[in-house]
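Remarks on the overall topology
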Amino acid sequence: MEMTLRWYGSKFDTVTLKQIRQIPGVTGVITTLYDTTPGEVWSQERIREMKAEVKASGLHISGIESVNIHDAIKTGSEDRDFYIDNYIQTLENLGKEDIHLVCYNFMPVFDWTRTELARVRPDGSTVLAYSQETVDALKPEEMFNSIAGDSNGMIMPGWEPERMKNIKELFAMYQDIDEEKLFDNLKYFLERIMPVCDKYDINMAIHPDDPAWSVFGLPRIIINQTNILRMMNMVDNPHNGVTFCSGSYGTNLENNLPAMIRALKGRIHFAHVRNLKFNSPTDFEESAHLSSDGTFDMYEIMKALYEIGFTGPIRPDHGRMIWDEVAMPGYGLYDRALGATYLNGLWEAIVKGAK
């Protein structure tokens, strides 16, 4: 495997490439053109410039997270082929620049949902958190305002203000979309893009829905082993794979994370590894990566990845805000650096134990 860190670009990220380069064992970044909009074609020139900037720091681009999917594709509207054609062109431009991994999601309206961006933990750190009770007390249009004040002035991925101001219109677009229609629209999209993925050896790694259940009545389909196997079987191509995010699948305590990893052998192209601390089945907060600080056995998660022969990128996912750092919630330097080092240590122990 390769240890990486997510990086939003020098114009948007408080963490620098120089700092990332100094984290022991981190050799690549997962990045994006953060100022593009869903449906926009990424030019080969801009991809090349991004790649050159990362290379100059002594790192390389291990993958893209994300090339966002336009809502026309998710809803299957009449203009979806226009946006799929644009997506195919972006994939072709990425392939020409020797980039072979794209993480994406197929979540309606909200890319991910949290009710707090700065819940204070007993040690004084602050973390992202979710409470179903809080969600049940809110209207969808109130959701953005409820967390915007905790974003430290940063634009949160999936919660862009220009997108959230149209939230009522977005909900209207999905009013007739149920799980079956969403699966059908995902299948159509994947069948259209697989030829360019085959041509350039691009692995598409779908990110699970977060949390792994319906929020505000919106359909969610990438939530468990049964559904993810259905997705892979309906477009049975090795380039149609998954991002295994322990913190997203793990929001549903019925998901056995190590068992899911073993069931997805050969189709996990990318991994986000993080821990959660549950206060109840529908109230959780994002703990430190250390097993004892949360609910998950991180050793067993990493062991399962090792045992299936996983060789792709891993990144520590959302970190706590610690040591007075001010950054995009979940994406500061310090706790993710600690997480990367911890995960590398687990991997080293597993590798040595297997010999």
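Let me sum up the structure you'll find in this document. (Residues numbered from 1 in each chain as written. Predicted model: local features only at pLDDT ≥ 70, side-chain atom pairs only at ≥ 80, totals over all residues. Heavy atoms only, no water.)

**Considerations on the pairing of strand β6 (residues 126-131)**
Just so we agree on the cut-off: With a 1.4 Å probe rolled over the protein chains alone, any residue whose accessible area is under 20% of its type maximum counts as buried; one over 50% counts as exposed, and the rest are partly exposed. Helix and strand definitions follow DSSP, with helices as H or I runs of at least four residues and strands as E runs of at least two, each counted in order from the N terminus. In this description, strands pair whenever DSSP reports at least two bridges between them.
Among the six residues in β6, six count as buried, and that is most of the element. Sheet analysis places strand β5 (residues 116-120) next to β6, joined by three bridges and oriented antiparallel. Opposite Arg 119, over in β6, you have Val 127 as the bridge partner. Counted between consecutive antiparallel strands, the loop separating β5 from β6 contains five residues, among which Gly 124 sits at a positive phi close to 95°. Two strands pair when backbone bridges link them, and β6 and strand β11 (residues 283-285) are joined in this way by three bridges, in the antiparallel orientation. Across the sheet, residue Ser 131 finds its bridge partner in β11, namely Asp 283.

**Regarding a nonpolar patch on the surface**
We count it as follows: Patches draw on residues past 30% relative accessible area with no salt bridge. Two like charges within 9 Å are joined, as are two nonpolar side chains (Val, Leu, Ile, Met, Phe, Trp, Tyr) within 5 Å. Here the open area of atoms and residues is found with the Shrake-Rupley method and a 1.4 Å probe, where only the protein chains shown may cover a residue. Should a side-chain nitrogen of Lys or Arg be within 4 Å of a carboxyl oxygen of Asp or Glu, the pair is scored as a salt bridge.
Together, Trp 323, Tyr 334 and Leu 338 line one region of the surface with nonpolar side chains, adding up to about 340 Å² of accessible area. For Tyr 334, the location among the structural elements is in helix α14 (residues 334-354). With a relative accessible area of 33%, Tyr 334 lands in the partly exposed category.

**Regarding the sheet that holds strand β1 (residues 2-6)**
Condition: Helix axes use the C-alpha atoms of the stretch in contact, all axes being lines fitted to C-alpha atoms, and the angles between their N-to-C directions lie in the range 0 to 180 degrees. Whether two residues are in contact is decided by their heavy atoms: any pair within 4.5 Å suffices.
Sheet architecture is closed into a barrel: eight strands sit in the order β1-β2-β3-β4-β7-β8-β9-β12, paired in parallel fashion. For this sheet, the mean inter-axis angle between neighbouring strands, taken without regard to orientation, is 30°. Along the sheet, helix α4 (residues 80-96) contacts β3 (60-65), β4 (101-104) and β7 (203-206); its crossing angle with β4, the most-contacted strand, is approximately 145°. Against the sheet, helix α10 (residues 225-234) makes contact with β7 and β8 (240-245), and its axis sits at roughly 160° relative to β8, the strand it touches most.

**Regarding the sheet that holds β6**
Taken in spatial order, the four strands line up as β5-β6-β11-β10 in an open sheet, and their pairing is antiparallel. Where the open sheet ends on each side, the last strands, each with one partner, are β5 and β10 (277-280). Direction aside, the axes of adjacent strands within the sheet are offset by 35° on average.

**Some points on the packing of aromatic side chains**
To describe a pair of aromatic rings, one takes the distance between the centres and the angle between the planes. As a reminder, the rule being used: Only centres within 6.5 Å qualify two rings of Phe, Tyr or Trp (six-membered ring in Trp) as a pair; their planes then separate them into stacked at under 30 degrees, edge-to-face at over 60, and tilted for everything else. By definition, being over a ring means that NZ of Lys or CZ of Arg is both within 6 Å of the ring centre and within 35 degrees of the ring normal.
Counted under the stated rule, the structure contains 15 aromatic pairs. On the basis of an interplanar angle of 55° and a centroid distance of 6.4 Å, the ring pair of Phe 278 and Phe 296 is categorised as tilted. A residue pair is termed long-range when its members are at least 10 positions apart, and Phe 278 in strand β10 and Phe 296 in the loop between β11 and α13 (298-307) qualify at 18 residues. Judged by its relative accessible area of 12%, Phe 278 falls in the buried class. Through successive ring pairs, a cluster of aromatic residues spans Tyr 130, Trp 213, Phe 278, Phe 284 and Phe 296. Positioned above the aromatic ring of Tyr 188, the side-chain terminus of Arg 80 is 3.6 Å from the ring centre. The ring of Phe 183 has Arg 230 sitting right over it, with the charged end atom 3.9 Å from the ring centre.

**Describing α10**
Basically, it comes down to this: Any pair of nitrogen or oxygen atoms within 3.5 Å is treated as a polar contact; in protein, a donor-acceptor pairing is required on top of that, and neighbouring residues in sequence qualify only through side-chain atoms on both sides.
For α10, every residue scored as buried is listed here: Asn 227, Ile 228, Met 231, Met 232 and Met 234. Check the buried side of α10 and you find it contacts α9 (179-200), β7, β8 and α11 (246-249). Sitting at the head of α10, Asn 224 places a side-chain oxygen 3.4 Å from the backbone nitrogen of Thr 226.

**Here we look at the packing of α13 against α14**
Where we set the bar: Angles are sorted into four bins: roughly parallel if under 35 degrees, roughly antiparallel if over 145, roughly perpendicular if 65 to 115, and oblique for all others. Crossing handedness follows the turn of the near helix against the far one: under a right angle anticlockwise gives a left-handed crossing, and clockwise gives a right-handed one. Residue type decides the class: Asp, Glu, Lys and Arg count as charged, Ala, Val, Leu, Ile, Met, Phe, Trp, Tyr, Cys and Pro as nonpolar, and the leftover types, Gly among them, as polar.
Contact geometry for α13 and α14: axes closest at 9 Å, N-to-C directions at 60°. Taken together, the axes of α13 and α14 lie oblique to each other. In this structure, the crossing between α13 and α14 has a hand that is right-handed. Between α13, through Met 298, Tyr 299, Met 302, Lys 303, Leu 305 and Tyr 306, and α14, the contact on the second element is made entirely by Tyr 342, Leu 343, Leu 346, Trp 347, Ile 350, Val 351 and Ala 354. Counted by class, the contact of α13 with α14 contains 12 nonpolar, no polar and one charged residues.

**Considering the pairing of β7**
Put simply, the rule reads: Seen with the strands pointing away from the viewer, any crossover whose path from the first strand over the helix to the second strand runs clockwise is right-handed.
Of the pairings in the sheet, the one linking β4 to β7 comprises four bridges and is parallel in character. Paired with Cys 103 across the strands is Ala 205, a residue of β7. Sheet topology note: the β7/β8 ladder contains three bridges and is parallel. When the sheet's bridge partners are listed, Ile 206 is paired in β8 with Val 242. What joins β7 to β8 is α10, and the crossover it makes is right-handed.

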